[in-house]
Amino acid sequence: MKKICLYCLIAFLISCNKQHCPDGINKLPMYGQVPKCPEQIEIDNDFLKECDELFENRKEAAVRHIDYGWGYFYKNQLDLAMSRFNQAWLLDKSNADIFWGYGNILGKKGDFEKSIVYLKESISINPKNPKSWESISTSYGQLFFKTKNIEDLDKTIESLKTSMKLDPKNTRVYGELANVYSYLAQKDSLRKYVELSDSIGSTSVSPIARERLK
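The following refers to the structure shown. (Residues numbered from 1 in each chain as written. Predicted model: local features only at pLDDT ≥ 70, side-chain atom pairs only at ≥ 80, totals over all residues. Heavy atoms only, no water.)

Take the overall build of the protein chain next. Counting its regular elements, the protein chain contains 11 helices and 0 strands. Order of helices (α) and strands (β) in the protein chain, N terminus to C terminus: α-α-α-α-α-α-α-α-α-α-α. What you see for the protein chain is a C-alpha radius of gyration of 23 Å, clearly larger than the 17 Å of a compact globule of 214 residues, by over 25%. Principal axes of the C-alpha set define a box for the protein chain whose edges measure 85 × 40 × 25 Å. Counting the 214 residues in the protein chain, one finds 43% classified as buried. Accessible surface, the protein chain: about 12,700 Å² in total, of which carbon and sulfur atoms supply 56%. (Helix = DSSP H or I, 4+ residues; strand = E, 2+ residues; numbered from the N terminus. Rg over C-alpha atoms; globule rule 2.2 N^0.38 Å. Buried < 20%, exposed > 50% of the residue type's maximum accessible area, 1.4 Å probe, protein only. Areas by Shrake-Rupley, 256 points an atom, 1.4 Å probe, with all protein chains shown as cover.)

Below you can see the structure in the form of structure tokens.
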């Protein structure tokens, strides 16, 4: 009887200990910004120590883990991608590409409101990354389809134009601008970006936009 009680006590203590460790935080940006349990903190410290031994500095290690994150992202393994971006965040919280990654993952999951929050953070750290502006334009555009709020479409245009200024060679942006103007029924602007898109060989203009131009 005493042994059974002892086993029950041990099981209870283990259960209580586990309850203090938040589950699934690797799948959330910045680990969900919740306090970690001692075991999780120990794992983080071991990870940082290992990176200190393998890399010249933590900024370099963060870049490597960001690369790992994008690798998983393009394989559509979004939870693994998030865990790598979180590890990069542990290493260097000032790297704008981490927040760009968070925003893209959330956008791909359909959480456009939160996606925009992290993409704004990325842009505030590094406003000269044209890809971050392109990403936030996509989230604003998808949010427009959800809310039908014309302000979201205006922000899509502003973001695309900023991306275009930073990287005039990105052919996708011209096509996307044409697509947006087709919804606004602004035929002059629509024609302008269709012609620009065609002149540089972009394939981003949708058939619907071309039909609306007619």
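The tendency in soluble globular proteins is for nonpolar side chains to be buried side by side. With 35 residues, the main nonpolar core has W89, L91, I98, F99, Y102, I105 and I136 as its most contacted residues. Contributing elements (two or more residues each) for this core: helix 2 (38-54), helix 3 (58-74), helix 4 (78-91), helix 5 (96-108), helix 6 (112-125) and helix 7 (130-147). Residue contributions to this core peak at 8 residues, all from helix 4. Apart from the residues within four sequence positions on either side, F99 is in contact with M30, W89, K93, Y118, L119, E121, S122 and I125. Counting residues in each nonpolar core, the second largest holds 17 residues, with F144, L160, Y181 and A209 among its members. (Core = buried A, V, L, I, M, F, W, Y, C linked by side-chain atoms within 4.5 Å. Contact = heavy atoms within 4.5 Å.)

The next point concerns the packing of helix 6 against helix 7. Look at helix 6 against helix 7: their axes get within 9 Å of each other, and the N-to-C directions meet at 155°. Taken together, the axes of helix 6 and helix 7 are roughly antiparallel relative to one another. Here the hand of the crossing between helix 6 and helix 7 comes out left-handed. Only S132, W133, S135, I136, S139, Y140, Q142, L143 and K146 of helix 7 make contact with helix 6, whose side of the interface consists of F112, E113, S115, I116, L119, K120, S122 and I123. (Axes fitted to C-alpha atoms, helices over the stretch in contact; angles between N-to-C directions. Parallel < 35°, antiparallel > 145°, perpendicular 65-115°, else oblique. Left-handed = near helix turned anticlockwise from the far one by under 90°.)

Our next topic: the side chain of N129. Summarising the element assignment, N129 is placed in the loop between helix 6 and helix 7. Among the polar contacts listed, one links the side chain of N129 to the backbone nitrogen of K131, at a separation of 3.0 Å. Side chain to side chain, N129 and S132 meet in a polar contact 3.1 Å long. With residues up to four places along the chain from it excluded, the contact list for N129 reads D97, W100 and L166. (Polar contact = N/O pair within 3.5 Å; in protein donor to acceptor, adjacent residues only side chain to side chain.)

Bringing the pattern of salt bridges into the picture now. A pair can form between side chains of opposite charge whenever their charged atoms are brought close. With the rule as written, the count across this model stands at 8 salt bridges. K36 serves as the salt-bridge partner of D44, at 2.5 Å between the closest nitrogen and oxygen. With respect to class, D44 is no different from K36; both count as buried. Residues K146 and E113 are paired through a salt bridge, measuring 3.3 Å at the closest nitrogen-oxygen approach. Here K146 is found in helix 7, whereas its partner E113 is found in helix 6, with 33 residues between them in sequence. Residue K146 is classed as exposed on the basis of its relative accessible area of 54%. (Salt bridge = Lys/Arg side-chain N within 4 Å of Asp/Glu carboxyl O.)

Turning next to the state of the cysteines. Each disulfide consists of a covalent bond between the sulfur atoms of two cysteine residues. Applying the stated criterion across every chain yields a total of 1 disulfide. Through a disulfide, C21 is tied to C37; the S-S separation comes to 2.0 Å. Taking the sign of the S-S torsion, about 90° here, the bridge from C21 to C37 comes out right-handed. Pair noted here: C21 is in the loop between helix 1 (2-19) and helix 2 and C37 is in the loop between helix 1 and helix 2, with a separation of 16 residues, a long-range link. Take C21 and C37: they sit in the same class, and that class is buried. For C51, which is in no disulfide, the shortest distance to another cysteine sulfur is to C37 and amounts to 20 Å. (Disulfide = S-S within 2.5 Å.)

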